[in-house]
Amino acid sequence: MTPDYSKQYKAIHAAAELVHDGDLIFRNGTDEVSAAARSMNENDTSYSHCGLLMIENDSVFVYHAIGGHYNPSQRLKREPLDSFCNPVDNDRFGIFRYEIDSLESGRLKKIVAQYYASGLRFDLFFNFFSDDEMYCSEFVYKSLNKALKGRLQFLIRRDRWPYGVSLDDLFLHPGARAVHQIRF
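Criteria and thresholds
Residues numbered from 1 in each chain as written. Predicted model: local features only at pLDDT ≥ 70, side-chain atom pairs only at ≥ 80, totals over all residues. Heavy atoms only, no water. Buried < 20%, exposed > 50% of the residue type's maximum accessible area, 1.4 Å probe, protein only. Helix = DSSP H or I, 4+ residues; strand = E, 2+ residues; numbered from the N terminus. Axes fitted to C-alpha atoms, helices over the stretch in contact; angles between N-to-C directions. Parallel < 35°, antiparallel > 145°, perpendicular 65-115°, else oblique. Left-handed = near helix turned anticlockwise from the far one by under 90°. Contact = heavy atoms within 4.5 Å. Nonpolar A, V, L, I, M, F, W, Y, C, P; charged D, E, K, R; others polar. Core = buried A, V, L, I, M, F, W, Y, C linked by side-chain atoms within 4.5 Å.

Moving on, we get to unusual backbone geometry. Phi angles above zero are rare outside glycine, and Asp58 is one such case at about 65 degrees. Residue class for Asp58 comes out exposed when judged on its relative accessible area of 79%. You will see that Lys149, though not glycine, has its phi angle at about 55 degrees, which is positive. With respect to the helices and strands, the residue Lys149 is situated in the loop between helix 5 (136–147) and helix 6 (167–171). Overall, Lys149 belongs to the exposed group, its relative accessible area being 64%.

The next subject is the packing of helix 4 (residues 102–118) against helix 5. In contact at an axis separation of 8 Å, helix 4 and helix 5 are set at 135 degrees when each is read in the N-to-C sense. Considering the angle they form, helix 4 stands oblique to helix 5. Where helix 4 crosses over helix 5, the handedness of that crossing is right-handed. Seen from helix 4, the contacting residues are Glu104, Arg107, Leu108, Ile111, Val112 and Tyr115; seen from helix 5, they are Phe139, Ser143, Leu144, Lys146 and Ala147. Class assignment of the residues belonging to the contact of helix 4 with helix 5 gives a composition of seven nonpolar, one polar and three charged.

This next bit is on the nonpolar core. Core analysis: the largest hydrophobic core is formed by 35 residues, its most contacted members being Leu24, Phe26, Phe139 and Leu170. When residues of this core are assigned to their parent elements, the largest contribution, six residues, is made by helix 5. Excluding residues that lie within four positions of it along the chain, Phe26 makes contacts with Tyr47, His49, Cys50, Phe84, Arg92, Phe93, Gly94, Phe96, Leu167, Leu170 and Phe171. With 13 residues, the next largest nonpolar core counts Ala15, Val19, Leu81 and Phe84 among its residues.

Okay, structure coming up:
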C-alpha cells in the first residue's frame, strides 16, 4: 500500500502562503548524501540542502544548486516548492527570511534569473572561490550578498572546510528569522 502524504503536502501548501521573494528554504533529506551534507554544518545539523524562494505567476519556486543523481544536468534547478520539500525524500523543511527591501528583492530576482539563464553548474568540489560553479549554500549566499551590496560579507568562513558558507551559517545568522518550520 502506498503511504498517504496528503497531510504533509497540505502543510507545504500552507507554508507557501507565507513566502516572500528572496526567502531562504532549507530541507533535510533522508538519504546518505543528505547525512554527509549535514556533517558540513558546524552548529546545527537540522538541514542538508537549501535554495532561494521566488514567487512567479502566483506559484512558489525554489532555485537551488544541486548535482548528482538528483539533477543529472548539474545546472541550477528551478522547481515547485512541493517538489523541493516532498515528504517522500525529506523529513522537514524551514523557511527563513533576511530583511530586504523591495529594491534589494528586485535585484535578487534579477541575479537569480541571470544565474538560471546562464546554466550555472553545481560545484562538485565545493570551491567557494570560483563563481562559475556553486554548491547550494554558496549560491544562496552569493546571490543574496550581491543583492544586498555586500552586507553579508562577514558570513564567509575560512577556518574550516568547505571554505565559505555552510547551511547553518545562513539560518543561524542573527539577521535571519525563522518564518515557518515543519517536521513531517
